[in-house]
Amino acid sequence: MKYKQFKFDNCEYIISNTGKIYSLRFKKWMKPFSINKKYKKLYVALGSSGKLFSMGKLVLTIFKEIGLPNETDFHINGMLDDNYVKNLKWTTRSEIMRLVWKRKREKTNASVGVYPWKIGNKKFRAVIKINNKIKTIGYFMTEKEAVIAHKKRYIQLYGANAL
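Residues numbered from 1 in each chain as written. Predicted model: local features only at pLDDT ≥ 70, side-chain atom pairs only at ≥ 80, totals over all residues. Heavy atoms only, no water.

Student: Any chance you could explain the pairing of strand E2 (residues 11-16) here in plain terms?
Tutor: Remark: a regular strand shows side chains that alternate across the two faces of the sheet. Inspection of the sheet shows strand E1 (residues 3-8) paired to E2 by six bridges, in the antiparallel sense. If you follow tyrosine 3 over to E2, its bridge partner there is serine 16. As defined by bridge partners, E2 adjoins strand E3 (residues 21-23) across three bridges and the pair is classed as antiparallel. Across the sheet, residue isoleucine 15 finds its bridge partner in E3, namely isoleucine 21. From the end of E2 to the start of E3, which pair antiparallel, there are four residues, and glycine 19 there has a positive phi angle of about 95 degrees. (Pairing = 2+ DSSP bridges. Helix = DSSP H or I, 4+ residues; strand = E, 2+ residues; numbered from the N terminus.)

This is how it looks when you write it as structure tokens:
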């Protein structure tokens, strides 16, 4: 893990390349929060003014470079609470929309019933619809494991010829 020190509004902080921020003034780790319950992008309030910053933008600005005015942070793996520097890049809003639509098309073609998720260290959730109710099969480290579990459960329910 790499750390860099930065100053904002006469307050000093240390930030890691995984998106964790330590306040030297209060001598504690800061807790990021989400503004919207549906949209899990994390923010942090800095300085005496309490100005809000996107964790992704902060990590990119300090560890990579400052983005252009029309650019925003993009989470490559689609998990908005994963602010590791390798998961972030600067991009425009139109590029984000193109990538999101591409991901949705790939999702419907490749791994139906598997979604990005994050519980502990598990990154993918496999689900199946039974009697018009969505049931969770489990949480998995890789998308491939989740797809295999989904296919096994599907075959159990509907038979081998259903695929």
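Next comes the rest of the account.
Student: It is not clear to me how the sheet that holds E1 should be interpreted in this structure. Could you clarify?
Tutor: Hydrogen bonds between backbone groups are what pair the strands of a sheet, and the pairing can be parallel or antiparallel. Pairing within the open sheet is antiparallel, and its four strands lie in the order E1-E2-E3-E4. Two strands lie at the open edges of the sheet, namely E1 and strand E4 (28-29), each paired on one side alone. Most of the contacts of helix H1 (residues 55-63) go to E2, to which it runs at about 90 degrees, and overall it touches E1, E2 and E3. (Contact = heavy atoms within 4.5 Å. Axes fitted to C-alpha atoms, helices over the stretch in contact; angles between N-to-C directions.)

Student: Would you explain the environment of tryptophan 117 in this entry?
Tutor: By secondary structure assignment, the location of tryptophan 117 is in strand E10 (residues 114-119). When residues no more than four places from it in sequence are discounted, the contact partners of tryptophan 117 are Met79, Lys122, Lys123, Phe124, Arg125 and Tyr139.

Student: Quick question: what am I supposed to make of the sheet that holds strand E5 (residues 33-34) here?
Tutor: The strand order across the open sheet built from three strands is E5-E6-E7, with neighbouring strands paired in antiparallel fashion. Looking at strand neighbours, the two that pair on one side only are E5 and strand E7 (51-54), the edges of this open sheet. With two bridges connecting them, E5 and strand E6 (residues 42-46) associate as antiparallel partners. Within E6, the position partnered with phenylalanine 33 by the bridge is tyrosine 43. Where H1 meets the sheet, it contacts E6 and E7, and its direction lies at approximately 75 degrees from that of E7.

It is worth stressing that arrangement in space is one thing and function is another; only the former is reported here.
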